[in-house]
Amino acid sequence: MTIRIKRVYEEPSEKDGTRILVDRLWPRGLTKEKAHVDLWLKEIAPTNDLRKWFAHDPAKWAEFKTRYQAELKHNPEHMTLLHQAIAKAPATLVYGAKDTDHNEAVVLLEVLNRKNPR
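Owing to the predicted nature of the structure, the values given are computational and were not obtained by experimental measurement.

Moving on, we get to the overall build of the protein chain. Helix and strand counts for the protein chain come out as 5 helices and 4 strands. Listed N to C, the secondary structure of the protein chain is β-β-α-β-α-α-α-β-α in terms of helices and strands. Computed over its C-alpha atoms, the radius of gyration of the protein chain comes to 13 Å, within 12% of the 13 Å expected for a compact globule of 118 residues. Considering the protein chain as a whole, with its 118 residues, one finds that 42% of them fall into the buried category. Taking contacts inside the protein chain between residues at least 6 apart in sequence as the whole, the part at least 24 apart equals 63%. Of the accessible surface of the protein chain, which amounts to about 6900 Å², a share of 51% is contributed by carbon and sulfur atoms.

Below, the structure written as structure tokens:
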């Protein structure tokens, strides 16, 4: 299973496979055609409260990861949808954040890799 992460603003590629948007909010300034999103799993994204608390502050990263992973454990139906979508490998989790190291797609990829070691 090949899963990548990528900013939704980057140019889509054939290597992306199924492009899954994992943000709660639609990315600013992007049309659906330009985003080339195959599936939008907004309910798998961090809750609004967690998203606002984190505010992409790297100092809160460790706590954000812990809280977000706890949210994911209580969201089995959406994790099932994600697993079904990535079963058609390759797949790319796309996100809108400018910070490529501290965002929900990074956490999701870690969770998925723990469950499906390569």
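Moving on: the pairing of strand β2 (residues 18-21). Two faces belong to every sheet, and in a regular strand the side chains alternate between them. Covered by surrounding structure in β2 are Thr 18 and Ile 20 together with Arg 19 and Leu 21, the residues of both alternating faces. Examined bridge by bridge, β2 and strand β4 (residues 91-95) share 4 bridges and lie parallel to one another. Along β4, the bridge assignment pairs Leu 21 with Val 94. Pairing of β2 with strand β3 (residues 39-40) involves 2 bridges; the strand directions are parallel. Bridging from a neighbouring strand, Ile 20 pairs with Leu 39 of β3.

Turning to the packing of helix α4 (residues 76-86) against helix α5 (residues 104-115), a few remarks are in order. Relative orientation of the contacting elements α4 and α5 amounts to 75°, with a least axis distance of 12 Å. Judged by the inter-axis angle, α4 sits roughly perpendicular to α5. Counted together, Met 79, Leu 82, His 83 and Ile 86 of α4 and Leu 108, Val 111, Leu 112 and Lys 115 of α5 form the full contact between these two elements. Its residues assigned to classes, the contact of α4 with α5 comprises 6 nonpolar, 1 polar and 1 charged.

Moving on: the environment of Pro 58. Relative to the assigned elements, Pro 58 resides in the loop between α2 (48-54) and α3 (61-73). Note on Pro 58: relative accessible area 46%, which makes it partly exposed. Along the sequence, Pro 58 and Asp 23 sit 35 residues apart, while their C-alpha atoms lie 18 Å from each other. Apart from the residues lying within four places of it in its own chain, the contact partners of Pro 58 are Asp 99 and His 102.

Definitions and limits used
- Residues numbered from 1 in each chain as written.
- Predicted model: local features only at pLDDT ≥ 70, side-chain atom pairs only at ≥ 80, totals over all residues.
- Heavy atoms only, no water.
- Helix = DSSP H or I, 4+ residues; strand = E, 2+ residues; numbered from the N terminus.
- Rg over C-alpha atoms; globule rule 2.2 N^0.38 Å.
- Buried < 20%, exposed > 50% of the residue type's maximum accessible area, 1.4 Å probe, protein only.
- Contact = heavy atoms within 4.5 Å.
- Areas by Shrake-Rupley, 256 points an atom, 1.4 Å probe, with all protein chains shown as cover.
- Pairing = 2+ DSSP bridges.
- Axes fitted to C-alpha atoms, helices over the stretch in contact; angles between N-to-C directions.
- Parallel < 35°, antiparallel > 145°, perpendicular 65-115°, else oblique.
- Nonpolar A, V, L, I, M, F, W, Y, C, P; charged D, E, K, R; others polar.

By themselves, these are just geometric observations and shouldn't be taken as functional.
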